[in-house]
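# Understanding the architecture of this molecule
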Amino acid sequence: MSRLEECFKELKAANKKALVPFVTAGDPNGAFTLTCMHEMVKAGASIIELGVPFSDPMADGPVIQKASERALEAGMTLKGVIDIVRFFRETDQSTPVILMGYLNPIEFMGYETFVEKAAQAGVDGVLTVDIPPEESVDLLKAYDKHDIAPIFLLSPTSNEIRIKKIAAVAKGYIYYVSLKGVTGAGHLQLDDVQAKLTQIKQHTNIPVAIGFGVKNADIAANIAKIGDGVVVGSALINCITEHSDDEQQGRQAISTMLSEMRAAMDMATQ
Amino acid sequence: MPTSKQTKQSAVKNYDLPDENGHFGPYGGLFVAETLMESIEELNAAYAKYMQDPVFLAELDADLQDYVGRPSPIYHAQRLSRETGGAQIYLKREDLNHTGAHKINNTIGQALLAKRMGKTRIIAETGAGQHGVATATVAARLGLECVVYMGAEDIQRQSPNVYRMRLLGATVVPVTSGSQTLKDALNEALRDWVTNIDDTYYIIGTVAGPHPYPAMVRDFQTIIGREAREQMLAKTGALPDALVACVGGGSNAIGLFHPFIGDDDVAIYGVEAAGLGIETGKHSAPLCAGQPGVLHGNRTYLMADENGEIIETHSISAGLDYPAVGPEHSWLKDIGRAEYVNINDDEALEAFHQLTRVEGIIPALESSHAVAYATKLAKTMDKEQVILVCLSGRGDKDIFTVAKIEGIEL
């Protein structure tokens, strides 16, 4: 059983939902990210999504754009992100790690090389924002060969045909984008999310994590009642920027926010 | 990808790309986030429907004639040809269109499509401001709300066009992310689109972006080549020996080239911006000096560092200052049907002055790249041979840039 399957199985047995923090790798530097990953696990994170910085993050709002720019300025690369995962795995063999980013850095590294290196380092899944299943045939073959889960997005605008298409190839979990827009945007409507989740669940048995617009513990708790996991990104990155003069405080703020979310989510589902 | 010469020839003879998924060989395609897929499918369906609809096409034709001023003439630049020595240089006068460039051929088509689709809000990205002005113009005419994203740096460089857009009622939004130029404006427009997909139509200004944009923008721009083909036959009794057009994203170039792809005897040259020189790295020539990758929804040649991060480009002409290129050009390069060459800032500036001086036509700095290469090429050809250059835009917008370079305060 893969780390991701194991993770969701254990959570289910404990009546819990996955708490999935997203941070941009290398923001503000690689060492920060590595330490932060371990601290997030201690604070109750179930799965970690590591953002791979890209020069043109078309699907991200201003918070993650700026995080990406800071990480690139600090010299982070796709190879560097894979190295962070390798270091993380030296002491944590159980927490699944997902890479989330854009296709061009992977194109430049080469599909086979990327997937092989990622798998060796202990990456469990990859979410590439700008590649729909239609264009993914070669990449999916490489993932399959190295047991990496292809994570795909579904959105409020995904129709029945798109849901089926993605359900047919997605592994690990599906990331449901709860809002129209970019990361960090607006306010989500729980009723709409619930309705869409019901529709998605008719086509797949794999877990569905919900993200975009999760700003605090209350929202996380409400989302936990609906989906199998809660993804939080921009709100965590705000913790880093608010404490840009003190890295330790920034990490502490992230841990505090995650602990509150964890507690609120557990309260809501148990 | 074709490996033998024979395959390449058949690829040209039966040219009917892209395929149904928007692929030109390995290039093009549909590389966008799931959040945009529904809008793109909706656009695809509307585009397929209306390009077959006689009423839509008649309305488009009427607008191209009465509003844009088409057909644009072909002009034999005799003094330029004589001064150059060699082949005869003809100009396809897209600079005479309403708003001063070829861009309006596309914006008028897409805006009519947007209206048919019931969209009330138009967004666009712009670099030099030509596409922004062409979009604001058609939005004003059709009574649509218009928002134009423009890099903060470009807003500084192109203030007359910013003012024109505002006069036309458009909101110009400065983009301060990334390198604050055209590519970042495109990113920002995509973000707007995904947030406001219900009422918003995104008019991309070039043959880039996700499918169906590269094919759709091409189809609206091929009016250039279709007219030119007939006009050259009428004027000279033959097809030209060579076509020359500048390539940033490549919409005026593909508009001219496409109707000639099957004509083996017509050589095709796309001219990229070499900026300060290819060897300096400060250029905008992905076809000459880049490699394939994925950006802005399609696979194509682009400029990136070894880690795949898009790098900053340079050109004297803001309209060519883009790190990627339309995917169809990538394919035409690989199959050898078109040759992609480059012209640096100084050469373009020289051509700008030469055409102004000897023909009384002030070309856009973008088009000046094509004129510069045409004069180079003409020297290697006979007097009886003919080069057709796409004069994609007029240079009024560039007089400030040129004056500044020459130390003149306007």
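Preceding this paragraph is the structure being described.
Residues numbered from 1 in each chain as written. Chains lettered and ligands numbered in written order. Predicted model: local features only at pLDDT ≥ 70, side-chain atom pairs only at ≥ 80, totals over all residues. Heavy atoms only, no water.

It is worth spelling out the packing of helix α6 (residues 111-121) of chain A against helix α7 (residues 137-145) of chain A at this point. All names here are of chain A. Put simply, α6 and α7 touch, their axes get as near as 9 Å, and they point 30 degrees apart. The orientation of α6 with respect to α7, classified from their angle, is roughly parallel. Every pair of crossing elements has a handedness; the one defined by α6 and α7 is right-handed. Residues Tyr111, Glu112, Phe114 and Val115 of α6 form the contact with α7, whose participating residues are Asp138, Leu139, Ala142, Tyr143 and Lys145. Class assignment of the residues belonging to the contact of α6 with α7 gives a composition of 6 nonpolar, no polar and 3 charged. (Axes fitted to C-alpha atoms, helices over the stretch in contact; angles between N-to-C directions. Helix = DSSP H or I, 4+ residues; strand = E, 2+ residues; numbered from the N terminus. Parallel < 35°, antiparallel > 145°, perpendicular 65-115°, else oblique. Left-handed = near helix turned anticlockwise from the far one by under 90°. Contact = heavy atoms within 4.5 Å. Nonpolar A, V, L, I, M, F, W, Y, C, P; charged D, E, K, R; others polar.)

A few words now on helix α1 (residues 3-13) of chain A. All names here are of chain A. Turning to α1, its buried residues number three or more, namely Leu4, Cys7, Phe8 and Leu11. Mapping the buried residues of α1 onto a view down its axis gives an arc of 90 degrees, with all of them on the same face. The outward face of α1, more than 90 degrees from its buried face, is lined by the exposed residues Lys9, Glu10 and Ala13. Looking at the buried positions of α1, the neighbouring elements they touch are β1 (18-24), β3 (97-101), β5 (149-150) and α12 (247-269). Taken from the residues just after α1, Asn15 is the one with a positive phi, measuring 60 degrees. (Buried < 20%, exposed > 50% of the residue type's maximum accessible area, 1.4 Å probe, protein only. Arc of directions from axis to C-beta.)

We now examine the interface of chain B and chain A. Interfaces are frequently sized by the accessible area removed from exposure as the parts join. Tallying the contact residues gives 39 residues for chain B and 36 residues for chain A. Contact with chain A buries surface across chain B, with Glu34, Arg191 and Glu309 of chain B losing the most and accounting together for 23% of the total. Residues Arg162 of chain A and Glu34 of chain B are paired through a salt bridge, measuring 2.7 Å at the closest nitrogen-oxygen approach. Looking at the side of chain B that touches chain A, the element that brings in the most residues is helix α9 (residues 182-195) of chain B, giving 8 residues. Considering only residue class, the side of chain B that touches chain A consists of 14 nonpolar, 13 polar and 12 charged. (Buried area = accessible area lost by both parts, 1.4 Å probe. Salt bridge = Lys/Arg side-chain N within 4 Å of Asp/Glu carboxyl O.)

Another aspect to go through is helix α16 (residues 365-378) of chain B. An α-helical turn contains 3.6 residues, so any two residues separated by three or four positions project in the same direction. Relative to the 20 Å expected for 14 residues at 1.5 Å per residue, α16 of chain B spans 20 Å between its end C-alpha atoms, a close match to the ideal helical length. Counting buried positions along α16 of chain B yields 13 of 14 residues, so the element is predominantly enclosed. (Expected span 1.5 Å × (residues − 1).)

Once that is clear, we can look at a nonpolar patch on the surface. A cluster of nonpolar side chains, Ile362, Ile399, Phe400, Ile408 and Leu410 of chain B, forms an exposed patch at the surface whose accessible area comes to about 460 Å². Structurally, Ile399 of chain B is set in helix α17 (residues 399-405). (Patch = residues over 30% accessible without salt bridge, like charges linked within 9 Å, V, L, I, M, F, W, Y side chains within 5 Å. Areas by Shrake-Rupley, 256 points an atom, 1.4 Å probe, with all protein chains shown as cover.)

This part is about the layout of surface pockets. By volume, the largest pocket amounts to about 680 Å³. The wall of the largest pocket is formed by 30 residues, among which Gln156, Arg157, Gln158, Thr401 and Lys404 of chain B lie closest to the centre. Those elements that place two or more of their residues in the lining of the largest pocket are α7 (152-157), α8 (159-167) and α17 of chain B. At 5 residues, α17 of chain B tops the list of elements feeding residues into the lining of the largest pocket. Grouping the amino acids of the lining of the largest pocket by side-chain chemistry returns 11 nonpolar, 10 polar and 9 charged. The space that makes up the second largest pocket amounts to roughly 560 Å³. Among the elements of the structure, α1 and α7 of chain A are those that each provide at least two residues to the lining of the second largest pocket. Take the lining of the second largest pocket: its biggest share by element is 7 residues, from α1 of chain A. Taken together, the residues of the lining of the second largest pocket break down into 8 nonpolar, 5 polar and 12 charged. (1 Å grid on protein atoms, 1.4 Å probe; cavity = no way out; pocket = protein on both sides within 12 Å on 5 of 7 lines; lining within 4 Å. Points joined across faces, edges and corners; volume = space filled by probe spheres on them.)

Evaluation of the coordinates by the stated rule reveals 36 salt bridges over all chains. With a closest N to O distance of 2.8 Å, Asp124 of chain A and Arg3 of chain A form a salt bridge. A residue pair is termed long-range when its members are at least 10 positions apart, and Asp124 of chain A in the loop between α6 and β4 (125-128) and Arg3 of chain A in helix α1 qualify at 121 residues. Relative accessible area serves as the criterion here: at 9%, Asp124 of chain A is assigned to the buried category. A residue is classified by how much of its surface remains accessible, and Arg3 of chain A, at 25% relative accessible area, is partly exposed. Members of the salt-bridge network, linked through shared partners, are Glu134, Arg162 and Lys165 of chain A together with Glu34 and Glu41 of chain B.

All names here are of chain A. Its place among the elements puts Ile98 in strand β3. Judged by relative accessible area, which is 0%, Ile98 ranks as buried. Discounting residues that sit within four places of it in the chain, Ile98 has contacts with Leu4, Ile47, Ile48, Glu49, Leu50, Asp124, Gly125, Val126, Leu127, Ile151 and Tyr173.

Attention now moves to empty space enclosed by the protein. Considering all chains together, one arrives at 7 cavities of 30 Å³ or more under this definition. In this structure, the largest cavity spans a volume of roughly 380 Å³. Grouping the amino acids of the lining of the largest cavity by side-chain chemistry returns 10 nonpolar, 18 polar and 5 charged. Size it by volume and the second largest cavity reaches roughly 120 Å³.

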